[in-house]
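Each chain, written out:
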Amino acid sequence: MSSLTTTYRRSQLRSLPMPGGKTPIDYHYVVRIPGGWEPINQKFRDWSVGDFNQQAVEMHHEQHNRH
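Residues numbered from 1 in each chain as written. Predicted model: local features only at pLDDT ≥ 70, side-chain atom pairs only at ≥ 80, totals over all residues. Heavy atoms only, no water.

**Points about the overall build of the chain**
Reasoning step 1: Per the secondary structure count, the chain includes one helix and three strands.
Reasoning step 2: A separation of at least 24 residues holds for 28% of the contacts in the chain among residues at least 6 apart in sequence.
Reasoning step 3: Surface exposure of the chain reaches about 5900 Å², of which carbon and sulfur atoms provide 55%. (Helix = DSSP H or I, 4+ residues; strand = E, 2+ residues; numbered from the N terminus. Contact = heavy atoms within 4.5 Å. Areas by Shrake-Rupley, 256 points an atom, 1.4 Å probe, with all protein chains shown as cover.)

**A look at the pairing of strand β3 (residues 36-40)**
Side chains on a regular strand alternate between the two faces of the sheet.
Reasoning step 1: Alignment of strand β2 (residues 28-33) against β3, held across five bridges, turns out to be antiparallel. When the bridges of β3 are listed, Y29 appears paired with I40.
Reasoning step 2: Connecting β2 to the antiparallel partner β3 that follows it, the hairpin turn spans two residues, and G35 within it adopts a positive phi of roughly 90 degrees. (Pairing = 2+ DSSP bridges.)

**Here we look at the sheet that holds β3**
Reasoning step 1: The three strands lie next to each other as β1-β2-β3, forming an open sheet whose pairing is antiparallel. Here the strands that pair on one side only, and so sit at the sheet edges, are β1 (13-16) and β3. For this sheet, the mean inter-axis angle between neighbouring strands, taken without regard to orientation, is 40 degrees. (Axes fitted to C-alpha atoms, helices over the stretch in contact; angles between N-to-C directions.)

**Considerations on the pairing of β2**
Reasoning step 1: Both β1 and β2 contribute to a ladder of four bridges, which runs antiparallel. Within the sheet, the bridge partner assigned to R14 lies in β2 and is V30.

**Remarks on the environment of Y27**
Reasoning step 1: Along the chain, Y27 falls in the loop between β1 and β2.
Reasoning step 2: Given a relative accessible area of 51%, Y27 falls into the exposed group.
Reasoning step 3: Distance in space between the C-alpha atoms of Y27 and S15 is 6.7 Å, their sequence separation being 12 residues. (Buried < 20%, exposed > 50% of the residue type's maximum accessible area, 1.4 Å probe, protein only.)

**Some words on helix α1 (residues 42-66)**
Reasoning step 1: Between its first and last C-alpha, α1 extends 36 Å over 25 residues, near the 36 Å set by a 1.5 Å rise per residue.
Reasoning step 2: Its side-chain oxygen at 3.3 Å from the backbone nitrogen of K43, N41 defines the N-terminal cap of α1. (Expected span 1.5 Å × (residues − 1). Polar contact = N/O pair within 3.5 Å; in protein donor to acceptor, adjacent residues only side chain to side chain.)

**Here we look at the packing of aromatic side chains**
Geometrically, a pair of aromatic rings is defined through the distance of the ring centres and the angle of the planes.
Reasoning step 1: The full count for this structure, using the stated rule, is one aromatic pair.
Reasoning step 2: Look at F44 and W47: their rings are 5.6 Å apart centre to centre, the planes differ by 45 degrees, and that puts the pair in the tilted class. On the criterion of helical spacing, the pair formed by F44 and W47 is a turn pair, its members being three residues apart in helix α1. (Phe/Tyr/Trp six-rings, centres within 6.5 Å; stacked < 30°, edge-to-face > 60°.)

Shape is all these values report; function is a separate question.
Quick look at the structure:
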């Protein structure tokens, strides 16, 4: 799918690789900004993913109701 046809754009998020063994680890996330990457926390990542999913559902309903 071409990003040129995407009507709803989102910032790119990444989960950074973390060394780990048998102990639980916190994941570390970053968001793409002009010129690099900015660290974000889990709460921001959860909000961003939830917001994206909600808007995708709303767009689907709008498109379905047009037909």
